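Chains, contacts and geometry: an overview
The chain contents come next:
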Amino acid sequence: MSLRARILLLVLVASMLPVLAMFLLLLENRTATVVQARTQLLVRAETIAVELDDKIAGTAQLLFGLARVPVLGGNDKLACSAFLADVLKEHPQYTGILTLRPDGNMHCDSLRSGRSLNVNDRQYFQRALASRSLIVEPAIGRLSGKSVLQIAYPVLNAEGGVNYVLLASLDMDSYGRTVAQALPYPRMHFQVWNRDGSIIMDTPGIGSQRLEVEPELRQFMLHSAQQTLTLGSDEQTRIWAKAPLLGSPNIGMSLALSVPEADLNAQVDGQFKRTLAGIVTLSVLIFVGAAALGEFAVRRQTNRIMQAISRMDNGDYSQSIGEPYPRGELGQVMQAIDRMAESLTQQRHEIARNTESLERQARIDALTGLANRHMLSLRLDQALAYAGHAQRVAGVLMLDLDRFKTVNDSLGHNHGDLLLQEVAKRLSQCIREDDTVARLGGDEFVVVLADMAKLEDIVPVAQKILRALAAPLKVGSQVLSITTSLGVAVFPRDGDTADALLQYADTAMYRAKEQGGNAMTFFSPEMMQTILDRLQIEAGLRRALEHGELRLHYQPIIDAKTGHVSSAEALIRWQDPQRGLIAPIHFISVAEETGLIVPIGDWVLREACAQARAWQSSGLGEIPVAVNLSALQFSAPSLDESVVQALRASQCPASLLQLEITESSIMAQLDQALETMRKLTAIGVQLMIDDFGTGYSSLSQLKLFPVSTLKIDRTFVRDINIDANDDAIVDTIITLARKLGLRTVAEGVETLEQVAFLEARCCDKYQGFLFARPCSAEDFEKIVRERNATTACAPIASG
Ligand SMILES: Nc1nc2c(ncn2[C@@H]2O[C@@H]3COP(=O)(O)O[C@H]4[C@@H](O)[C@H](n5cnc6c(=O)[nH]c(N)nc65)O[C@@H]4COP(=O)(O)O[C@H]3[C@H]2O)c(=O)[nH]1
């Protein structure tokens, strides 16, 4: 419902309620007035009756006075008539006044008619003679022929006999007309009833007709104690009121007033209708006034609010509703909206600022201020589009700092960051404005040379970059010399999409790294083969996982003191249906890059646990199996759950599982690694640091690692007795381990000389081809049975 409709409805209800109340009041008033009108009718009847009574009483007094006039009792008829004529002149309400002899003959009369008249037959005369008192009786005057009220007064002589009778005839017709003229309703009837039920006088008002005397009316007039009566139906209904003539009790007459109910009510109804019309007019005026007020005071203001909200809805917060604000809630709402608009405008500005900053962050690498991967992708797309259109060449240069990790680990991350910032600065100085330098993360940078004439033009720029980076740089208090491996892919020669060119440049960069770093390599079709091979390996690995083509080989680890096989290292193999048994070196890196190492690692864990448990069950003894954890596996938050599940599934005791973690994956995220290692040792498995000596952990850090064993990397063992440095390293590792209460396993033991060296330094365990190559579980079992049966330490050649 619209606001206008609501307001109108409200106003209507508000203005109708008083109308209704006043209507009810009027109705009540009308009812009271009708009752009052009936009462007034009765009062009027009583008043007329009293007046008539007064007239009769006055006549009695007049006659009483006349009785004392001697001329009226004398025989002089003429004098008597003249006297009465004079009296009549004074009292025109009588049709005549006369004297009657006791025999009934008229003696004299006020009319001086000279007629002879005998009233001996008249009842009033006989009654007057008999009663010797005043008699009042209606009759038709014999002299006047009019309806009269005969008032007879017997005048007594000294002896008490009737001397003569004085008769005054009260003119009822004239009296009736006089009364009728004063009646308030034209159709009102004025009747005088005799005690015998005859109507002495019936005077209809002007415009009214004589009425039928109904039995009900007769009953009411003669016998009822009621004073009013409603008679007839509908339009014919009349209200009757009666009043007895009480002044002369022997008269027995009564007076009736009747009026049509419609006439009686007409006045009241007229008043009622006029008042009602007045009230309705007033309420209409109130309604119109209130509606107009609502329109101006509410709707105009709400329109202002609606317009403001609509503007805000369309994103326009600049225009406020503004002053003048109306008083009260509407004004408060307007001010609140204006405040809200102002606050939203401020928020918008803030959001815009933040968005700009976020967009910048989304494009820019926070550490170096260079473009990030997202921005690089946009710029590279633009460069390729332009080069394609303008038939130009674009170069994508992928750079990776050689041994950056070593610098980072040894000098700390802060120095690593400073180094990267310096590199970024130098790279930016080597390129033109149209070119792009981006950092992908870590120490990986990409340079896009956007607009080159020919492929050869890329070479000097790349060389300039290598030279710029090779110049000694100061990081904190240190002066460092770093080298860079650089791979180049060229548009359109090598590829025409950003992704392909980045991948090719990356491949070329790895080739440069493989060649020892500090080199620039252009992508070549032959490298494409490497990429294809990797893709093939990835697809093959997925299939291998699904079809169960993975195998575990076990390499014995020999106890230096007893010569017995004390444990095994599980080493994965891929039994490819076409290519035969594939060594991990050919697929582990691909598995790590693609994340496949996680499901593969889980499989290895389950398989190794199952094997250790099987050997235990078969009576071979407690042969713990060491499993290699890749860096990705080690950093997975669910590693401990995977380990628990593998142990649980095979019912293998935790003590039969050893986990090998490379020193470098521990050092990559030291805090998290410590936490993970604590969780793993809590399960009960033993931890070993693999390839120890290559990860640059410090002594203080090593103390924190909850590990039981250090595995000396086979590159150091290989050069025992060849390179004095390696001798020293191996010597130091064993001494260090012993001091920290850790055991040592020497990896890649191939010669007895190496054994002698290690034995002299009390290395705990040996692992190498000299004792046994990794082999199947069955072969491993045989080796254990053979070897552990003997008591002396006797290295065996492994074929
Ligand atoms: N030259 C020489 N080599 C010896 C000698 N004794 C043992 N080896 C080789 O040294 C590697 C020892 O494993 P690693 O250092 O952990 O190095 C392993 C490990 O890093 C990785 N790898 C193997 N299996 C798994 C696995 O299940 N998971 C993970 N993440 N990595 C694995 O692949 C690497 C290579 O494994 P393999 O080819 O089996 O190579 C094995 C083993 O055959 C020796 O006397 N001379």
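Residues numbered from 1 in each chain as written. Predicted model: local features only at pLDDT ≥ 70, side-chain atom pairs only at ≥ 80, totals over all residues. Heavy atoms only, no water.

All right, on to the overall build of the chain then. Across its full length, the chain carries 25 helices and 26 strands. Looking at the chain residue by residue over its 799 residues, the buried ones come to 46%. Within the chain, contacts between residues separated by at least 24 positions form 62% of all contacts whose residues are at least 6 apart in sequence. For the chain, the accessible area works out to roughly 40100 Å², and carbon and sulfur atoms hold 54% of it. (Helix = DSSP H or I, 4+ residues; strand = E, 2+ residues; numbered from the N terminus. Buried < 20%, exposed > 50% of the residue type's maximum accessible area, 1.4 Å probe, protein only. Contact = heavy atoms within 4.5 Å. Areas by Shrake-Rupley, 256 points an atom, 1.4 Å probe, with all protein chains shown as cover.)

Taken together, 20 residues lie around the ligand, and Arg573, Asn628, Arg714, Glu750 and Phe769 are the ones closest in. Asn628 has a polar side-chain atom sitting 2.9 Å from an oxygen atom of the ligand. Backbone polar atom of Phe769 to an oxygen atom of the ligand: 2.8 Å apart, as the coordinates give it. When isolated, the ligand has an accessible area of 790 Å², and the protein chains bury 82% of it. Listing elements by their share of the shell around the ligand, those giving two or more residues are strand 19 (565-576) and strand 23 (686-692). Broken down by element, the shell around the ligand gets its largest block of residues, four residues, from strand 19. (Near = heavy atom within 4 Å. Polar contact = N/O pair within 3.5 Å; in protein donor to acceptor, adjacent residues only side chain to side chain.)

Take the packing of helix 16 (residues 597-618) against helix 18 (residues 639-650) next. Orientation of helix 16 relative to helix 18, taken along the N-to-C sense of each, is 35 degrees, at an axis distance of 8 Å. Our pair here, helix 16 against helix 18, has a crossing hand that is right-handed. Two secondary-structure elements touch here, helix 16 through Asp602, Leu605, Arg606, Cys609, Ala610 and Arg613 and helix 18 through Ser642, Val643, Ala646, Leu647 and Ser650. Across the contact of helix 16 with helix 18, the residue classes tally to six nonpolar, two polar and three charged. (Axes fitted to C-alpha atoms, helices over the stretch in contact; angles between N-to-C directions. Left-handed = near helix turned anticlockwise from the far one by under 90°. Nonpolar A, V, L, I, M, F, W, Y, C, P; charged D, E, K, R; others polar.)

What follows deals with the confidence of the model for the chain. For the chain, mean pLDDT is 88; residues scoring 70 or higher make up 96% of the total. Across residues 795-799 the pLDDT falls below 50, and counting only partners more than four positions away or on other chains, this stretch makes 15 contacts in the model. The complex prediction reports pTM at 0.51, with the ipTM value standing at 0.97. (pLDDT = per-residue confidence, 0-100.)

Okay, the sheet that holds strand 1 (residues 94-100) next. The five strands are arranged 2-1-5-4-3 in an open sheet whose pairing can be described as antiparallel. The strands lining the two open edges of the sheet, one partner per strand, are strand 2 (106-109) and strand 3 (135-140). The average undirected angle you get between the axes of adjacent strands in this sheet is 25 degrees. By the bridge criterion, six bridges tie strand 1 to strand 5 (residues 162-171) in an arrangement that is antiparallel. Residue Leu100 lies in a different strand from strand 5, and its bridge partner there is Val165. Seen against the sheet, helix 4 (residues 123-131) touches strand 1, strand 3, strand 4 (147-156) and strand 5 and runs at an angle of roughly 165 degrees to strand 3. (Pairing = 2+ DSSP bridges.)

Per the stated rule, a full pass over the model turns up 27 salt bridges. A salt bridge links Arg439 to Asp365, with the nearest nitrogen and oxygen atoms 3.0 Å apart. Of this pair, Arg439 sits in strand 12 (residues 436-441) while Asp365 sits in the loop between helix 8 (329-363) and helix 9 (373-390); the two residues are 74 residues apart in sequence, bridging distant segments of the chain. The shortest N-O distance in the salt bridge between Asp400 and Lys513 comes to 2.8 Å. With Asp400 in strand 11 (residues 393-401) and Lys513 in helix 13 (residues 498-514), this pair connects stretches of sequence that are 113 residues apart. If you follow the salt bridges from partner to partner, you end up with Arg543, Glu549, Asp576 and Arg579 in one network. (Salt bridge = Lys/Arg side-chain N within 4 Å of Asp/Glu carboxyl O.)

Next up on the list: helix 20 (residues 670-683). Taking 1.5 Å as the rise per residue, helix 20 with 14 residues should run 20 Å; its terminal C-alpha atoms sit 20 Å apart, in good agreement. Taken together, the buried positions of helix 20 are occupied by Ala673, Leu674, Thr676, Met677 and Leu680. Buried residues of helix 20 fall within an arc of 165 degrees about the axis and therefore sit on the same side. In this structure, helix 20 carries Asp671 and Ala682 as exposed residues pointing more than 90 degrees from its buried face. Of the residues flanking the end of helix 20, it is Gly684, one or two places downstream, whose phi is positive at about 115 degrees. (Expected span 1.5 Å × (residues − 1). Arc of directions from axis to C-beta.)

Note on placement: Asn163 falls in strand 5. In this structure the C-alpha to C-alpha distance between Asn163 and Arg101, which are 62 residues apart in sequence, comes to 7.2 Å. For Asn163, the contacting residues outside a window of four places in its chain are Pro102, Val155, Leu156 and Asn157.

It is worth spelling out the side chain of Arg787 at this point. Residue position: Arg787 is located in helix 25 (residues 777-789). Buried within the structure, Arg787 lacks any salt-bridge partner; its nearest side chain of opposite charge belongs to Glu786, at an N-O separation of 7.8 Å. Of the polar contacts made by the side chain of Arg787, one reaches the backbone oxygen of Gly563; its length is 2.6 Å. (Lys, Arg positive; Asp, Glu negative; His and termini not counted.)

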